[in-house]
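Structural overview
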Amino acid sequence: MEPVESLPLETAEKIILRWDSTASEEAREKMIFEGDREEVDLYLRAVDEIQRSMSTATISDEQSKVNSSIQIAMARLEDEFRNILISNTNPIDTKHQQQHHASSSSSSSTSAKRHDDHDADADADADVDVVIDDKLLRFDSSGAASVSSITTSGSSYRSASSIREIDLLPGDAVEDLRCIAERMISCGYLRECIQVYGSVRKSAVDASFRRLGVEKLSIGDVQRLEWEQLEAKIRRWIRAAKVCVRTLFASEKKLCEQIFDGVGTAIDDACFMETVKGPAIQLFNFAEAISISRRSPEKLFKILDLHDALMDLIPDIDLVFDSKSSESIRVQAAEILSRLAEAARGILSEFENAVLREPSKVPVPGGTIHPLTRYVMNYISLISDYKQTLNELIVSKPSTGSRYSGDPSTPDMDFAELEGKTPLAIHLIWIIVILQFNLDGKSKHYKDASLSHLFIMNNVHYIVQKVRGSSELREMIGDDYLKKLTGKFRQAATSYQRATWVRVLYCLRDEGLHVSGGFSSGVSKSALRERFKAFNAMFEEVHRTQAVWLIPDSQLREELRISISEKLIPAYRSFLGRFRSHIESGRHPENYIKYSVEDLEDAVLDFFEGIPVSQHLRRRSE
């Protein structure tokens, strides 16, 4: 390529003055770089000549004239620089970028699961309040709760995606900008160049932020929002942050390098930080506000989502913000990640204390599953969805745990029995332990001991079924502890039967019915009548009360009915067979023998349905 012939200084000055926008209306209305390329080249040659003349001018008047021309030229190039940036700036396709980053997430991610509290085994009609972390959680008759955490979806944001730069400006525009930047910087107009570049590109970044839904909220603004509002904003932030870091900021850095790399020391980095420092702080301030907000159980899963998303982005943040001047951004992101981890650990610990201290004392009708049990088991089921993250974050045992402390307000637990389990697994088992401890206290609010045992049976059985129904939870809890839980609800079922049916079956004993004399005919009819009357009264009372008690799980309900029948029916059949004739030979036998064996078999089927006896009888008549 032949060297470009230099212009005479006088010609160069005329060209500069011809495009002086302060002196010519035509110059104000036209842009050099939008016109003929020959005119562009000519103007740049004129600038080069003026710049060369700065070092060779010897007479003061000549220096003054050259300096004046340089000032006019730099003002013009600044305008041209700004115009090229503005006219070639188009907002990025944020929707397409979000779809790309979403579709490139790792296939090994835990898919979102939804744990709704509308179980098939819903409570009997009742509104029950549960207090967790000073938050009143109201459960209606269907078991639905007014807290968002029960229906919070948990998912992992670990992703295989990474930097995806795009060209923000056309190649010819980039080349023009570089040509202008070289001349402005060599003439000492570095600051003006950086300011123009930063102001235009920052506006472009701000526009992309608005399209991505990244709001300009201070930490105080975020902390004043209701948590329900923040949940949606967190989901939006996670999607937007991926695009901002991996595409928007990375592409801005690439553009700075294309225009300024090699023009001067670290100028490209200075322009990059001028452009994105404010937006980056704005972006990360939201996550920071969440990380230092007040802790409560319903926040755990969104905080873990934020943690996973930021953890996934940290390598890209380090790559995009790799210079000394951008160290503050890297440090902020790392500190937020650390605080999110600490918040998650703190929430788990506070949740354990809240479950232990949950103060509701109103017994649930019918001894059915307590809302606290549903809430806690749904909660830890969601926790198990985040086991990978939490196993990395949790390194210590529960702080509220103890080994046979003797404190009546805290359950005893020997953590040595759980040796080999992960810290998260120990925490989950501890939550179940303290839940049972709380439920044991609530069971004492029932005046009927039988109902108290039924309540424990229902709730521990529900815990067992929840653990069995989740492969992740079952793996962490382990079969050994699951056997302990199973043994507890079976023991409660046995205790219920003893408390209820020992008294009823005691009426069907032979003792006390025989009078001294001949054994074969020595039956006291009066004592026998009293025995039948006592049995009838006791069974009717049990039937009347326990028909409205509720065992929500149909299989458990059927198993307990069968167990009752296996004890009651043979004993009654035998008693009736031995003594029926003594009653039927007397007056009004129907007053004493009220039930046939078949009647009792049918009556047992009424138990634990949560329906009054009158409705059972009505259903049978129909």
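Residues numbered from 1 in each chain as written. Predicted model: local features only at pLDDT ≥ 70, side-chain atom pairs only at ≥ 80, totals over all residues. Heavy atoms only, no water.

As a further point, take the packing of aromatic side chains. Within a pair of aromatic rings, the relevant descriptors are the distance that separates the centres and the angle that separates the planes. Under the defined criterion, the tally for this structure stands at 23 aromatic pairs. Judged by centre distance (6.4 Å) and plane angle (25°), the ring pair of tryptophan 237 and phenylalanine 286 falls under stacked. Taken as a pair, tryptophan 237 in helix α9 (residues 227-260) and phenylalanine 286 in helix α10 (residues 267-291) lie far apart in primary sequence, 49 residues in all. Assessed through its relative accessible area of 4%, tryptophan 237 is described here as buried. An angle of 70° between the planes, with centres 5.5 Å apart, marks the rings of phenylalanine 539 and tyrosine 595 as edge-to-face. Linking phenylalanine 539 in helix α19 (residues 525-546) with tyrosine 595 in the loop between α20 (554-584) and α21 (597-604), this pair joins segments that are 56 residues apart in sequence. The exposure class assigned to phenylalanine 539 is buried, which follows from its relative accessible area of 0%. Here arginine 509 stacks its cationic end above the ring of tyrosine 506, 3.6 Å away from the centre of that ring. (Phe/Tyr/Trp six-rings, centres within 6.5 Å; stacked < 30°, edge-to-face > 60°. Helix = DSSP H or I, 4+ residues; strand = E, 2+ residues; numbered from the N terminus. Buried < 20%, exposed > 50% of the residue type's maximum accessible area, 1.4 Å probe, protein only. Lys NZ or Arg CZ within 6 Å of the ring centre and 35° of its normal.)

The interhelical angle for the contact between α9 and α10, taken along N-to-C directions, is 170°, at an axis separation of 10 Å. Taken as axis vectors, α9 and α10 run roughly antiparallel relative to one another. The residue inventory of the contact of α9 with α10, partitioned by class, reads 21 nonpolar, one polar and five charged. (Axes fitted to C-alpha atoms, helices over the stretch in contact; angles between N-to-C directions. Parallel < 35°, antiparallel > 145°, perpendicular 65-115°, else oblique. Nonpolar A, V, L, I, M, F, W, Y, C, P; charged D, E, K, R; others polar.)

Let us now look at the pattern of salt bridges. Following the criterion strictly, the structure yields 36 salt bridges and no others. Between lysine 233 and glutamate 215 there is a salt bridge, and its shortest N-O distance comes to 2.4 Å. Of this pair, lysine 233 sits in helix α9 while glutamate 215 sits in the loop between α7 (190-212) and α8 (219-224); the two residues are 18 residues apart in sequence, bridging distant segments of the chain. The exposure class assigned to lysine 233 is buried, which follows from its relative accessible area of 17%. What makes glutamate 215 partly exposed here is its relative accessible area of 35%. A salt bridge links arginine 224 to aspartate 221, with the shortest nitrogen-to-oxygen separation between them at 2.9 Å. With a gap of three residues between them, arginine 224 and aspartate 221 both fall in helix α8, about one helical turn apart. The exposure class of arginine 224 is exposed, given its relative accessible area of 62%. Of the residues examined, aspartate 221 reaches a relative accessible area of 29% and is grouped as partly exposed. (Salt bridge = Lys/Arg side-chain N within 4 Å of Asp/Glu carboxyl O.)

Bear in mind that shape data such as this cannot, by itself, settle questions of function.
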